[in-house]
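These are the residues of each chain, in order.
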Amino acid sequence: MAIRKTGKTNMFDVPMVQNLANDLNYCDLVIFIEENKLQYLNFIMTGENQ
């Protein structure tokens, strides 16, 4: 949610989300997206966390 609140990127721009997450020290998010890209995209589209 912190990345979304910055308004700096579309949340579907996965590489940019990862860059911003890295800049904001959300290293776990960078790794999560890398390992679970489909789950991340599902969350962005539906708001559901599987």
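Look up a bit, the structure's there.
Residues numbered from 1 in each chain as written. Predicted model: local features only at pLDDT ≥ 70, side-chain atom pairs only at ≥ 80, totals over all residues. Heavy atoms only, no water.

## A few points about the overall build of the chain
Part 1: Looking only at helices and strands, the chain has four helices and zero strands in total.
Part 2: What you see in the chain, going N to C, is helices and strands ordered as α-α-α-α.
Part 3: Here the C-alpha radius of gyration of the chain, 10 Å, is about what a compact globule of 50 residues would show, namely 10 Å.
Part 4: Principal axes of the C-alpha set define a box for the chain whose edges measure 25 × 20 × 15 Å.
Part 5: Residues counted as buried form 24% of the 50 residues belonging to the chain.
Part 6: Within the chain, residue pairs in contact and separated by at least 24 positions form 23% of the contacts whose partners lie at least 6 positions apart. (Helix = DSSP H or I, 4+ residues; strand = E, 2+ residues; numbered from the N terminus. Rg over C-alpha atoms; globule rule 2.2 N^0.38 Å. Buried < 20%, exposed > 50% of the residue type's maximum accessible area, 1.4 Å probe, protein only. Contact = heavy atoms within 4.5 Å.)

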